[in-house]
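# Remarks on the overall topology
Listed here are the chains, written in short residue letters.
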Amino acid sequence: MPEQRNIVVLGASYAGLGTAHSILKHILPRLPSDGSASYKVILVNSSSKWFVRHASPRAAASEQLIPYDKIFLDIEPGFKQYGLNFEFIEGKASAWDPTERNVSIVTAGGERVEVRYHALVLATGSKTYSPLFSASSDGHEQTRAELDAIHAKLASANNIVIVGGGPTAVETAGELGEYLNGAAGWFASRPSSPKASITVITNASKLLPQLRTSIGQQAERFLNRVGVDVRYETKVSESRSESNGKTVVVLHDGEEIETDIYIPAMGIQPLSSYVPAELKNEAGYIKQNTETLRVDAAGARVYAIGDVGEASHNSIMDIIDQTPVLTTNIRRDLLAAHKDIRANADSKDRVFKVNKTETQLVPVGRNKGVGAILGYRVPSFFVWLIKGRDFMLSGAADMIDGKKWAKEAAWKGQ
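Residues numbered from 1 in each chain as written. Predicted model: local features only at pLDDT ≥ 70, side-chain atom pairs only at ≥ 80, totals over all residues. Heavy atoms only, no water.

### Things to note about the nonpolar core
Filter applied, for reference: Joining through side-chain atoms within 4.5 Å is the link that ties buried Ala, Val, Leu, Ile, Met, Phe, Trp, Tyr and Cys residues into a set, and such a set is a nonpolar core. Partly exposed describes any residue whose relative accessible area lies between the buried limit of under 20% and the exposed limit of over 50%, with all areas from a 1.4 Å probe on protein chains only and scaled to the type maximum. We call two residues contacting when some pair of their heavy atoms lies within 4.5 Å.
Counting residues in hydrophobic clusters, the biggest one holds 86 residues, and the most contacted among them are Leu43, Trp50, Ile71 and Ile162. With near-sequence residues (within four places) excluded, Ile162 lies in contact with Ala169, Thr172, Ala173, Leu176, Ile198, Thr199, Val200, Ile201, Ile263 and Ala265. Listed in part, the 22 residues of the second largest apolar core include Val44, Ile89, Leu120 and Val295.

Structure below.
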């Protein structure tokens, strides 16, 4: 009887989906078939559906703009191609014992399942402070309920406060502004008959800190065109819900703003509650080798990828760059564990290097946008063409069914 060796992937968003498909396509078929071991990829996720969170700013405005069936995609059908080499568990990790090499899973039905692993990939990602922009750990129904709730509020909202100055805040403000207020006409800088007052509050001195100042200034002008104002160098101390359904936002100087809708669109929190404290830094990110992506302190063949690990700068581009690195290193480790000479085929580990060039595309409303690629500023039309017209939903199918990772050249070590 061959030994069962489970390769467990926790999380099925960008990082988990890419890793699972890459292992199944490019590693398992190349592992030794001498009958001593059999391998299976077990993918664990709190929902049976993948929430395509990069489209959430537009989805927050209206289901008419992005229907739910475009942003909540079934996970399992994309993996049927792998047959018995794959298993999906709908549930979430509640505990992890690196010594026993075991993960405790609470399934969607409430059952507690213990899963032993030969290799473990931690890809549980992060959550946003607003439930609008990340998948709920309680399942996609909860995320959908949050979207339904804001859609109902928007129907009668007269004022909206969005806190944050990064892409999520700017994109959300642009989408809500154009949906409620329309856009300025020719030779005008603001809409003629705005329905709602929308304010973006940021503690920074400019919008979009990862981009040059002039691009942030252009983003503000585009926001003005859909009736959005920006307050800089302003910190929010707290917010509190009122009995009338409104929210009071308290600023650092004591000023209070009562608003119909309050959206905290700043920062993220790593989803790492199941990880032993000694394996996390003070912010909750998993300690890892930021080049090989291994979690060396957790024992052999344990890795972290994406927002949950120290190596990430919380961007999808990081995940795309990390996936081939991780796949190469997992392959080397699995072959080495099998004492296969091919483990030495790659003379050294593949390493992840953060792309520090100015690269970010930010739609502002449905027809405008700002950004840069590899340090080169791009025109508004280009941002619309690549991202703004459908928030890149046309590529989501390739991610979930594995076509994104179909070519071995995309991950093969150099």
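Having seen it, we continue.
### Describing the confidence of the model for the protein chain
Note the threshold: Per-residue confidence from the predictor is reported as pLDDT, which spans 0 to 100.
Of all residues in the protein chain, 96% attain a pLDDT of 70 or more, and the chain-wide mean is 94. Across residues 410-414, where pLDDT falls below 50, the model places 13 contacts with residues more than four positions away in sequence or in other chains.

### Remarks on the packing of helix α1 (residues 14-26) against helix α7 (residues 316-337)
This is how the line gets drawn: Simply put, an axis is a line fit to the C-alpha atoms, just over the touching stretch for a helix, and the angle between two N-to-C directions goes from 0 to 180 degrees. The numbering of helices and of strands both runs from the N terminus, where a helix is a DSSP run of H or I of at least 4 residues and a strand a run of E of at least 2. Roughly parallel covers angles under 35 degrees, roughly antiparallel covers those over 145, roughly perpendicular covers 65 to 115, and oblique covers all other angles. Crossing handedness is defined as follows: a turn of the near helix away from the far one that is anticlockwise and smaller than a right angle gives a left-handed crossing, while the clockwise case is right-handed. Lys, Arg, Asp and Glu make up the charged group, whereas Ala, Val, Leu, Ile, Met, Phe, Trp, Tyr, Cys and Pro make up the nonpolar group; the residues left over, Gly among them, are polar.
For the pair α1 and α7, the least separation of the axes is 9 Å and the interaxial angle reads 30°. Classified by the angle their axes make, α1 and α7 are roughly parallel. Seen from above, α1 lies across α7 with right-handed handedness. In this structure, α1 uses Tyr14, Ala15, Gly18, Thr19, Ser22 and Ile23 to contact α7, whose residues at the interface are Ile316, Ile319, Thr323, Leu326, Thr327 and Ile330. Along the lines of polarity and charge, the residues of the contact of α1 with α7 split into seven nonpolar, five polar and no charged.

### Section: the pairing of strand β15 (residues 256-259)
Definition in use: Any two strands with at least two DSSP bridges between them are considered paired.
With burial as the criterion, only one face of β15 is covered, namely that bearing Ile257 and Thr259; the residues Glu256 and Glu258 on the opposite face remain uncovered. As paired elements, strand β14 (residues 247-251) and β15 share four bridges and run antiparallel to each other. Across the sheet, Val248 pairs through a bridge with Glu258, a residue of β15. A loop of four residues connects β14 with β15, the two strands running antiparallel in sequence, and Gly254 in this loop sits at a positive phi of about 95°.

### Overview of helix α8 (residues 380-388)
Quick note on the threshold: It is the directions from the helix axis to the C-beta atoms whose arc is reported.
For α8, the full list of buried residues reads Ser380, Val383, Lys387 and Gly388. The arc that holds every buried residue of α8, seen down its axis, measures 65°, which confines them to one face. Residues of α8 that are buried make contact with α2 (56-59), α5 (167-181), α6 (213-225), β19 (360-363) and β20 (369-373).

### Points about the sheet that holds β19
What holds strands together in a sheet is hydrogen bonding between their backbones, with the strands either parallel or antiparallel. Reading across the sheet, the three strands line up as β19-β20-β21 and stay open at both edges, with antiparallel pairing between neighbours. Edge strands, defined here as strands with exactly one partner in the open sheet, are β19 and β21 (376-377). As defined by bridge partners, β19 adjoins β20 across four bridges and the pair is classed as antiparallel. The residue of β20 that forms the bridge with Val362 is Val370. α8 contacts β19 and β20 of the sheet and is inclined by roughly 90° relative to β19.

### A word on the pattern of salt bridges
Worth spelling out the cut-off: When a carboxyl oxygen of Asp or Glu is within 4 Å of a side-chain nitrogen of Lys or Arg, the pair counts as a salt bridge.
Under the definition given, this model contains 16 salt bridges. The salt bridge partner of Lys92 is Asp138, with a shortest N-O separation of 3.5 Å. Of this pair, Lys92 sits in strand β5 (residues 86-97) while Asp138 sits in the loop between β9 (126-128) and α4 (140-154); the two residues are 46 residues apart in sequence, bridging distant segments of the chain.

### Points about the layout of surface pockets
What counts is decided by this rule: A 1.4 Å probe that fits but cannot get out identifies a cavity on a 1 Å grid over protein atoms alone, an open set with protein on both sides within 12 Å along at least five of seven lines counts as a pocket, and a residue lines either if it has an atom within 4 Å of a point. Grid points are joined across faces, edges and corners, and a volume is the space filled by probe spheres set on the points.
Considered as a void within the structure, the second largest pocket measures approximately 330 Å³ in volume. What lines the second largest pocket is a set of 18 residues, among which Pro131, Glu146, Lys153, Ile261 and Tyr262 lie closest to the centre. Among the elements of the structure, α4, β13 (236-241) and β16 (261-264) are those that each provide at least two residues to the lining of the second largest pocket. Here the residues of the lining of the second largest pocket sort into nine nonpolar, five polar and four charged.

### Observations concerning the sheet that holds strand β18 (residues 302-304)
Ordered in space as β7-β6-β5-β2-β1-β8-β18, the seven strands form an open sheet in which the pairing is mixed. Each edge of the open sheet is held by one strand with a lone partner, namely β7 (112-116) and β18. Looking at each pair of strands side by side, their axes are set apart by 35° on average, direction ignored. Inspection of the sheet shows strand β8 (residues 119-122) paired to β18 by three bridges, in the parallel sense. Note on β18: the bridge partner recorded for Val121 is Tyr303.

### Here's the deal with α6
Short version of the rule: Expected helix span is taken as 1.5 Å per residue step, with the number of steps being one fewer than the number of residues.
The end-to-end C-alpha separation of α6 is 19 Å, in line with the 18 Å expected for 13 residues at 1.5 Å each. Listed as buried for α6 are Ile215, Gly216, Gln218, Ala219, Phe222, Leu223 and Asn224. Tucked inside the fold, the buried residues of α6 contact α5, β12 (228-231), β20, β21 and α8.

### Looking at the packing of aromatic side chains
Note the following rule: Pairing of aromatic rings covers Phe, Tyr and Trp, the last counted by its six-membered ring, and requires centre-to-centre distances within 6.5 Å; plane angles under 30 degrees mean stacked, over 60 mean edge-to-face, and any other angle means tilted. We count a charge as sitting over a ring when the NZ of a lysine or the CZ of an arginine lies within 6 Å of the ring centre and within 35 degrees of the ring normal.
Within the structure shown, the criterion is met by six aromatic pairs. Relative to Trp50, the ring of Tyr14 has its centre 5.3 Å away and its plane inclined at 85°; by these criteria the two rings are edge-to-face. With a gap of 36 residues between them, Tyr14 in helix α1 and Trp50 in strand β3 (residues 49-51) connect regions that are remote in the sequence. With relative accessibility at 2%, the residue Trp50 sits in the buried group. Directly above the ring of Trp384 sits Arg389, whose terminal nitrogen or CZ lies 5.9 Å from the centroid. Lying across the ring of Trp405, Lys404 places its NZ or CZ 5.9 Å from the centre.

### Quick look at the side chain of Asn329
Definition in use: In protein, a polar contact means a hydrogen-donor-capable atom and an acceptor-capable atom, both N or O and within 3.5 Å, with residues adjacent in sequence counting only if both atoms are side-chain atoms; elsewhere, any N or O pair within 3.5 Å suffices.
Checked against the element boundaries, Asn329 lands in helix α7. Residue classification places Asn329 among the buried residues on the basis of a relative accessible area of 0%. A distance of 3.2 Å separates a polar side-chain atom of Asn329 from the backbone oxygen of Thr292. Within the structure, Asn329 has its side chain in polar contact with the backbone oxygen of Arg350 (distance 2.9 Å). With near-sequence residues (within four places) excluded, Asn329 lies in contact with Thr292, Arg294, Tyr303, Asp349 and Arg350.

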